[in-house]
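# Structure assessment
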Amino acid sequence: MAPALAVLADEDLINENDVDVALEHIVGRLDELVSIFFAGILPPTVFSVPVEAPVSDGIVNVAGVSFDSLVMESKADVFLFIYAPWSAYCKAFESTMKEIASYYKSKEEKQARTVNQNRESFQMQETLLYNSMMIAKFDGTVNEIDHTAVKIVGYPTFYLFLE
């Protein structure tokens, strides 16, 4: 992610005498912003497009802004499919993703029935969370991930994050 700076001003509002003062002020503020950013106080901005449906066919749709909360902070293992909508390889893998999601959904429903039958709900719920797998997809063409553990070098890209 490359840093960018844009200074916008109405030409009628700035006269030639004010340009030097304005530039001095901008450079001072920019130095402050860079220091705050590298100190970790100012979080980076990532490109992110809102998802149309949070879950579709048992697959969780992840956006750039929801990556940390849905994937990195998940209480379940996460299988992440990073795709490009135009990629033939990604399109071919869509049906496999649905099969994987269906498999884990039926497995978790079976475990949930066991939890309800056993009455030891707290301990069994912990086991249910431990055994669960979240299947997720991420459109890498319109979203960014600002995390050192993830590098997108092509499409499709797959990651398995263990809880």
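Heads up: the structure comes first, above all this text.
Anyway, here's the lowdown on the structure attached to this text. (Residues numbered from 1 in each chain as written. Predicted model: local features only at pLDDT ≥ 70, side-chain atom pairs only at ≥ 80, totals over all residues. Heavy atoms only, no water.)

## Brief notes about the nonpolar core
We apply this condition: Nine residue types can take part in a nonpolar core, namely buried Ala, Val, Leu, Ile, Met, Phe, Trp, Tyr and Cys, and a core is a set of them joined through side-chain atoms within 4.5 Å. For each residue, the accessible area found with a 1.4 Å probe, counting protein chains only, is set against the maximum for its type, and the residue is called buried under 20%, exposed over 50%, and partly exposed in between. What counts as a helix is a DSSP run of H or I of at least four residues, what counts as a strand is a run of E of at least two, and both are numbered from the N terminus. Residue contacts follow a heavy-atom distance rule, with two residues in contact if any of their heavy atoms lie within 4.5 Å.
With 14 residues, the main nonpolar core has V62, F67, L80, I82, V150 and F161 as its most contacted residues. For this core, the secondary structure elements donating two or more residues are strand 2 (59–62), helix 2 (67–72), strand 3 (77–83), strand 4 (133–139) and strand 5 (157–161). In this view, F161 contacts F67, V71, M72, A76, D77, V78, L80 and V150; residues no more than four positions away in its chain are not counted.

## Quick look at the sheet that holds strand 1 (residues 55–56)
Selection criterion: For two strands to be treated as a pair, DSSP must find no fewer than two bridges joining them.
Strand order in this open sheet of five strands is 1-2-4-3-5, and the pairing throughout is mixed. Taken across any chain shown, the strands that pair with only one partner, and hence form the sheet edges, are strand 1 and strand 5. Strand direction decides the pairing type here: strand 1 and strand 2, joined by two bridges, are antiparallel. Of the residues in strand 2, the one forming a bridge with S56 is I59.

## As for the side chain of T157
Selection rule: We define a polar contact as two N or O atoms separated by no more than 3.5 Å, with the added condition that, inside protein, one atom must be a possible hydrogen donor and the other a possible acceptor, whereas residues neighbouring each other in sequence contribute only through side-chain atom pairs.
Secondary-structure assignment places T157 in strand 5. We classify T157 as buried; its relative accessible area is 11%. In this structure the side chain of T157 is engaged in a polar contact, spanning 2.4 Å, whose partner is the backbone oxygen of G154. Not counting residues up to four positions away in its chain, the partners in contact with T157 are L80, F81, I82, K151 and I152.

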